[in-house]
Amino acid sequence: MNLEKALFIDIETHRGKEFSEISPQLQDAFITHYYNKNEYGTPEEQYVVDSGLYPEFSQIVCATFGFENTVGGFSTKSFYGENEVEILGSLANIFERTHDKGYFAIGHAISTFDIPYLIKRYIINGIKVPDLINEVSSKPWERRNVDTMSLWRFGSFRGTSLETVCASLGIGCKSTEITGENLHLRKFEEIDWEELKRYCEEDVESNYNMTKKILEFIKI
């Protein structure tokens, strides 16, 4: 694995619109297929907690790239805010510029969350899916992108959070109050964008340090 060609990625998502603001068709779909009335009093309550997990009901509010720079350090670049189309466009620009140079995407749970979420949001917004993340029709041995959660499994069936892996390796992780687990508690207008950006960038840098540590002990 050549980290000089690695594009570390992390996205954060949010419902953006409240339940009452989405279309009646989406409301019906959420109630029919996702609402668990045994656990939540109302669909609105569950929507606040769970909608950010589903690209059909939420949007990207922050995306961060991390990469090794030309002076031997690690740099990050973030796109964030309320305008998801602008975020997706900025991401696509970087994806397209790096794809032909042999770069690959890498991230924690990227194959089961970040990349599928990105692809669906591109389609929903009517934007061409960048080639770098589009490995849908690729054979397993042709895929370049790396999921560090799968990497850390080493064949086991249990996935491990980035925070847990970093803690076990003595790597710093998460200094902000905001996290992916509590972002839903804040309404759109209550988000501290600079704090969210810092959280996303810390995740990316922790993921990079974790991967470097693993590669000290095993050749991949």
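Up top is the structure.
Summary of the structure given here. Keep in mind that this is a model prediction, so the values were computed, not measured.

A separate point is a nonpolar patch on the surface. Together, Phe 154, Phe 217, Ile 218 and Ile 220 make up an exposed nonpolar region whose accessible area comes to about 420 Å². Residue placement: Phe 217 occurs in the segment after helix 7 (193-215). With relative accessibility at 66%, the residue Phe 217 sits in the exposed group.

With that out of the way, let us pick up the sheet that holds strand 5 (residues 146-147). Pairing is mixed in the open sheet, where 5 strands are placed in the order 3-2-1-4-5. On the outer flanks of this sheet lie strand 3 (74-80) and strand 5, each paired with one strand and no other. The pairing of strand 1 (residues 6-14) with strand 2 (residues 59-68) spans 7 bridges and is classified as antiparallel. Each residue of the ladder has a partner; that of Glu 12, found in strand 2, is Cys 62.

To continue, consider the state of the cysteines. Every disulfide links exactly two cysteines, by a covalent bond between their sulfur atoms. All chains considered together, the criterion is met by 0 disulfides. Cysteine Cys 200 shares no disulfide, and the gap to the nearest cysteine sulfur, in Cys 62, comes to 3.9 Å. Taking relative accessible area as the criterion, Cys 200 reaches 0% and is therefore assigned buried.

Conventions we followed
Numbers given to residues run from 1 along each chain, matching the order in which its sequence is written. The model is predicted, so local features are restricted to residues of pLDDT at least 70 and side-chain atom pairs to those at 80 or more, both for listing and for counting; the totals for chains, interfaces and linings are taken over all residues. Remark: hydrogens and water are excluded; side-chain values derive from all non-hydrogen atoms of the structure. A residue counts toward a patch only above 30% relative accessible area and without a salt bridge, and it is joined to like-charged neighbours within 9 Å or, for Val, Leu, Ile, Met, Phe, Trp and Tyr, to nonpolar neighbours within 5 Å. Only the protein chains shown count as cover for residues, and the accessible areas themselves come from Shrake-Rupley with a 1.4 Å probe. Salt bridge, as used here, is a side-chain nitrogen of Lys or Arg placed within 4 Å of a carboxyl oxygen of Asp or Glu. Strands are runs of DSSP state E lasting at least 2 residues, helices are runs of H or I lasting at least 4, and numbering of each runs from the N terminus. Only protein chains enter the accessibility calculation, which uses a 1.4 Å probe. A residue is then buried if its area is under 20% of the maximum for its type, exposed if over 50%, and partly exposed in between. Whether two strands pair depends on DSSP finding at least two bridges between them. In this description, a disulfide is simply a cysteine sulfur pair whose atoms lie within 2.5 Å.

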